[in-house]
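Fold and geometry: a report
Listed below, chain by chain, are the residues.
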Amino acid sequence: MRVLRSISRSDKAHNEDAAGCRPDGLWVIDGATPLGGETAVDGRSPAAWLSGTADAFLARVPWAGRPLRAVLCDLIGHVRAEGPRAGLPADGFPTATLSLARVLDGRLDLCLLGDSPVLLRQPGAAVVEFVDPQFAGVEEALLDRVRTELDRGDEAADAYARAGARNRERRRWRNTPRGSWVLSNVPAAADHAFVTTLTVVPGTELVAMSDGFARAVRPFSLVRDDAELLDEAAAGRESELLDRLRAAERADPSCVRFPRFGVSDDATMLYARL
């Protein structure tokens, strides 16, 4: 698998996304945007620390002959050990979503933990989107509630304040049976990752991205669908697409026309071909 295109951009002081590749695979890590009150780690937000630490580990940890779930277990163990050394408490540990992809002997292995989607297109076939089922539709449901409140005339600030409170409540239950499972310092999360294996052929294309880049499709409709997003990446127009996305975000600073959490979000994308 060869990564032919990549882009990662943030409007923050430190990018909370990370992405990387190796001859047999690639990954995208999307650190959860802090909700306030977090203490910086080495001058970075805890989310940026987690993404950077995980990125460096995935570049060097052995993958050969091991299930991706085992790689994920090692990754969680690593950040769990490194967190206290960096001054992070066990409670309130940062979280991130993760997409891992590996190609071996005509097979594609995927390991997804969170809402960083992967698009796959085999020659002559339609684009297929893979996302961790835990997260399918969750953010859309939260935003539907915001839309309902905006449609009935509520002030945007009030609607998003209530949504923020609901989001904080959701995060309280992450990595417990009452919530969703994400990359953090909880070993049990590896058992809940979505893992699948597909047979693939030469010429297969793949896009792995953070949900910030996926906004080009939903909610902004800058491309018609996932297939057109993949086409833009294949043609080398991912930077132009991201420029258009940033312009669309700036044109809706109150998040009323296109409801979403945060005016802009870190955006990362890798495009690869077998």
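Residues numbered from 1 in each chain as written. Predicted model: local features only at pLDDT ≥ 70, side-chain atom pairs only at ≥ 80, totals over all residues. Heavy atoms only, no water.

**Some words on the sheet that holds strand β3 (residues 25-31)**
Across the sheet, 5 strands lie side by side as β2-β3-β4-β5-β8; this open sheet has antiparallel pairing. In the strand order of this sheet, the two ends are held by β2 (17-22) and β8 (194-199), each with one partner. The sheet shows a mean angle of 10 degrees between the axes of neighbouring strands, taken without regard to direction. The pairing of strand β5 (residues 107-113) with β8 spans 6 bridges and is antiparallel. (Pairing = 2+ DSSP bridges. Helix = DSSP H or I, 4+ residues; strand = E, 2+ residues; numbered from the N terminus. Axes fitted to C-alpha atoms, helices over the stretch in contact; angles between N-to-C directions.)

**Some words on the state of the cysteines**
Applying the stated criterion across every chain yields a total of 0 disulfides. No disulfide involves Cys111; its sulfur sits 8.8 Å from that of Cys73, the nearest cysteine. Here Cys111 falls in the buried class, since its relative accessible area comes to 1%. (Disulfide = S-S within 2.5 Å. Buried < 20%, exposed > 50% of the residue type's maximum accessible area, 1.4 Å probe, protein only.)

**Topic: the pattern of salt bridges**
Considering all chains together, one arrives at 23 salt bridges under this definition. For Glu232, the salt bridge goes to Arg237, with nearest N and O atoms at 2.9 Å. Looking at Glu232, the relative accessible area reads 12%, which means it is buried. (Salt bridge = Lys/Arg side-chain N within 4 Å of Asp/Glu carboxyl O.)

**Brief notes about unusual backbone geometry**
Backbone torsion omega between Arg218 and Pro219 reads 20 degrees, so that peptide bond is classified as cis. Tracing the backbone through its elements, the reader meets Pro219 in the loop between α5 (211-214) and α6 (226-234). One non-glycine residue with positive phi stands out, namely Asp105, at about 50 degrees. Counting through the fold element by element, Asp105 comes out in the loop between β4 (96-104) and β5.

**Some details on the layout of surface pockets**
Counted as a void, the largest pocket has a volume near 1100 Å³. Contributing elements (two or more residues each) for the lining of the largest pocket: β3, β4, α3 (138-151), α4 (156-172) and α5. Residue contributions to the lining of the largest pocket peak at 7 residues, all from α4. Here the residues of the lining of the largest pocket sort into 18 nonpolar, 10 polar and 16 charged. (1 Å grid on protein atoms, 1.4 Å probe; cavity = no way out; pocket = protein on both sides within 12 Å on 5 of 7 lines; lining within 4 Å. Points joined across faces, edges and corners; volume = space filled by probe spheres on them. Nonpolar A, V, L, I, M, F, W, Y, C, P; charged D, E, K, R; others polar.)

**Examining the side chain of Asp226**
Residue placement: Asp226 occurs in helix α6. Since its relative accessible area comes to 13%, Asp226 is described here as buried. In this structure, Asp226 is in contact with Leu119, Val127, Glu129, Val217 and Arg218, ignoring residues within four places of it in sequence. (Contact = heavy atoms within 4.5 Å.)

**Re α6**
α6 sits mainly inside the fold: 7 of its 9 residues count as buried. Inspection of α6 places Asp226, Glu228, Leu229, Leu230, Glu232, Ala233 and Ala234 among the buried residues, and these make up the whole buried set. Measuring from the side-chain oxygen of the N-cap residue of α6 to the backbone nitrogen of Ala227 gives 3.2 Å; that N-cap residue is Asp225. One or two residues past the end of α6 sits Gly236, with phi positive at roughly 80 degrees. (Polar contact = N/O pair within 3.5 Å; in protein donor to acceptor, adjacent residues only side chain to side chain.)

**Considerations on the side chain of Asp265**
Structurally, the position occupied by Asp265 is in the loop between α7 (238-250) and β10 (267-273). Despite being buried, Asp265 has no salt bridge partner; Lys12 is the closest side chain of opposite charge, sitting 4.2 Å away. Excluding its chain neighbours within four sequence positions, the residues that come into contact with Asp265 are Lys12, Thr33, Asp211, Gly212, Arg215, Arg246 and Glu249. (Lys, Arg positive; Asp, Glu negative; His and termini not counted.)

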